[in-house]
Amino acid sequence: MPSSMELTALALLVLGVVLAEPASRALATARWPARDPVGALLVWQAIGLAGGLSLLGAGLVYAVAPLGDSPAPAFATLADAVVAGRLPPEVRTAHVLALVATVLLGMRLFVVLASVTIRTLKARRRHRDLLDVLATPWPDAPGTRVLDHPLPVAYCLPGRSSRLVVSAGVLEVLEPDEVRAVLAHEQAHLRERHDLVVLPFVAWGATAPFVRGMVCAQLAVAALIEMRADDVAAARAEPHELVGALRAVGGSAPAAALSSFTTALHARIGRISAPPEPLAAPLRLLVRAVAVALVAVPTAVLLLPG
């Protein structure tokens, strides 16, 4: 009969798989996130964190299953044994293999995340250096640079030395109010650090591209940060001004940028022109409570004694 620790490991494994696949797919196709992008982003972050904790935790809990009745004391026992240079006799080959597989998975995730982060930072730094040479500061909008290019393009480069860029084509094609809507959109990306929101999902997708739920998560989060930035811009400008900007601004942002203003253009225009009714306050509170609970459950299982 399985021990309580083995059942705990199985429960964590099931939770991790459910979050990585059916739950992610269901949330990616749900309609309510468009009514509460902030809450949906919190749920996505909770799914990513809880899924990672559950999958890695399942392997760790199974590895220490013979050493106690709850994970936290068993982890301490294993750590003491490793420091002493020996494994407890209760730990069998299967437990060692589970531990090795978990460590390798954790290392792969860390390496992929570090690699994606480094590549992104290098690309942004190179692009930032080019902008400092080719673009000129725009006195009418502090912190904004104008790139002498006829194609209407607007984007931002996040980071400690962030840049907000508009092309000369934007200033020629758009009315002043529409330009302000463009700037408000990109400033929302910079202020709320949407680059940090999307980065872990890029890493998850690169770690296991064969898991469709993780790919869905990456795409859904990218769409939600655009919705959030649109909502901020629409609150600071008239919706028709933002719609006009979206219709006029063309082209693609460079790979180093956070996003392009043309992402899912028709869907975004429809959402701005006819905004969905926001979730009721109790539902918004419930969404945030679910996000907290998703993270709290595997954390409590792994860290709380007894």
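Everything below is about the structure printed above this text.
None of the values given here were measured: they were computed from a predicted structure.

Q: Can you help me understand the environment of A81 in this one?
A: Tracing the sequence through the fold places A81 in helix α3 (residues 71-83). Among all residues touching A81, those that are not within four sequence positions of it are R86 and P88.

Q: Would you mind showing me how to read the environment of L7 here?
A: Summarising the element assignment, L7 is placed in helix α1 (residues 4-29). Linking L7 and S70, residues 63 residues apart in sequence, is a C-alpha distance of 11 Å.

Q: I tried to follow the side chain of R163 on my own but got confused; where do I start?
A: As for its placement among the helices and strands, R163 is situated in strand β4 (residues 163-167). Side-chain polar atoms of R163 contact the side chain of D132, separated by 3.1 Å. Leaving out residues up to four positions away in the same chain, R163 has contacts with R128, L131, D132, R145, Y155, C156, L157 and L190.

Q: Help me understand the pairing of strand β2 (residues 144-147), please; the structure alone is not making it clear to me.
A: Across a regular strand the side chains alternate sides, sitting on one face of the sheet and then on the other. When strand β1 (residues 136-137) meets β2, the two strands line up antiparallel, connected through two bridges. Looking at the pairing, P137 lines up with R145 of β2. Between the antiparallel neighbours β1 and β2 lie six residues, among them G143 with a positive phi of about 90°.

Q: Whenever I open this one, the sheet that holds strand β3 (residues 154-157) confuses me. Can you help?
A: Strand pairing in a sheet is mediated by backbone hydrogen bonds. Such pairs are either parallel or antiparallel. Taken in spatial order, the four strands make up an open sheet running β1-β2-β4-β3, and their pairing is mixed. Only two strands of the sheet have a single neighbouring strand rather than two, namely β1 and β3. Here four bridges tie β3 to β4, and the two strands are oriented antiparallel to one another. Across the sheet, the residue bridging to L157 is R163, located in β4.

Q: What exactly am I supposed to notice about α1 here?
A: Along an α-helix, a turn takes 3.6 residues, which lines up residues three or four apart on a common side. Under the 1.5 Å per step criterion, the end-to-end length of α1 is 36 Å for 26 residues, consistent within 8% with the ideal 38 Å. Where α1 bends most, the angle comes to about 40°, and this point is L19, followed within four residues by the proline P22. M5, A9, L12, G16, L19, A20, S24 and L27 are the residues of α1 that are buried. At its buried positions, α1 is contacted by α2 (37-63), α3, α8 (212-236) and α11 (281-303).

Q: Whenever I open this one, the nonpolar core confuses me. Can you help?
A: In terms of nonpolar packing, the biggest core is built from 22 residues, with L41, V43, W44, I47, V221, L224 and L294 touching the most fellow members. Secondary structure elements with two or more residues in this core: α1, α2, α7 (194-207), α8 and α11. Top element by residues in this core is α2. It accounts for seven residues. Core analysis: the next-biggest nonpolar cluster, separate from the first, contains 15 residues, V146, A154, C156 and V182 among them.

Q: Even after reading the chapter, I still don't get the packing of α8 against helix α10 (residues 265-273), so can you show me in this structure?
A: Helix-helix packing: each pair is described by the crossing angle between the helix axes and the interaxial distance. For the pair α8 and α10, interaxial distance at closest approach is 11 Å and the crossing angle is 40°. Relative to α10, the element α8 is oriented oblique. At the point where α8 passes α10, the crossing takes the right-handed sense. Contacts between α8 and α10 involve E226, M227, D230 and D231 on the former and, on the latter, R268, R271 and I272. Residue composition of the contact of α8 with α10, grouped by class: two nonpolar, no polar and five charged.

Q: Help me out: how do you make sense of the pairing of β3 in this one?
A: Neither face of β3 is open: one carries A154 and C156, the other Y155 and L157, and all of them are buried. Between the antiparallel neighbours β3 and β4 lie five residues, among them G159 with a positive phi of about 130°.

Q: How should I be thinking about the pattern of salt bridges in this particular structure?
A: Going through the model one piece at a time under the given rule, you end up with eleven salt bridges. With a closest N to O distance of 3.6 Å, R268 and E226 form a salt bridge. With R268 in helix α10 and E226 in helix α8, the pair connects residues that are 42 residues apart, well separated along the chain.

Q: Looking at this structure, I do not really get the packing of α1 against α11. What am I missing?
A: Relative orientation of the contacting elements α1 and α11 amounts to 155°, with a least axis distance of 11 Å. Taken together, the axes of α1 and α11 lie roughly antiparallel to each other. As for the relative orientation of α1 and α11, their crossing is left-handed in sense. Across from T8, L12, L15 and L19 in α1, the residues of α11 making contact are L294, P298, V301 and L302. Tallied by class, residues from the contact of α1 with α11 come to seven nonpolar, one polar and no charged.

Reading the values: the criteria
- Residues numbered from 1 in each chain as written.
- Predicted model: local features only at pLDDT ≥ 70, side-chain atom pairs only at ≥ 80, totals over all residues.
- Heavy atoms only, no water.
- Helix = DSSP H or I, 4+ residues; strand = E, 2+ residues; numbered from the N terminus.
- Contact = heavy atoms within 4.5 Å.
- Polar contact = N/O pair within 3.5 Å; in protein donor to acceptor, adjacent residues only side chain to side chain.
- Pairing = 2+ DSSP bridges.
- Expected span 1.5 Å × (residues − 1).
- Bend = angle between axes of the 7 residues up to and from the residue.
- Buried < 20%, exposed > 50% of the residue type's maximum accessible area, 1.4 Å probe, protein only.
- Core = buried A, V, L, I, M, F, W, Y, C linked by side-chain atoms within 4.5 Å.
- Axes fitted to C-alpha atoms, helices over the stretch in contact; angles between N-to-C directions.
- Parallel < 35°, antiparallel > 145°, perpendicular 65-115°, else oblique.
- Left-handed = near helix turned anticlockwise from the far one by under 90°.
- Nonpolar A, V, L, I, M, F, W, Y, C, P; charged D, E, K, R; others polar.
- Salt bridge = Lys/Arg side-chain N within 4 Å of Asp/Glu carboxyl O.

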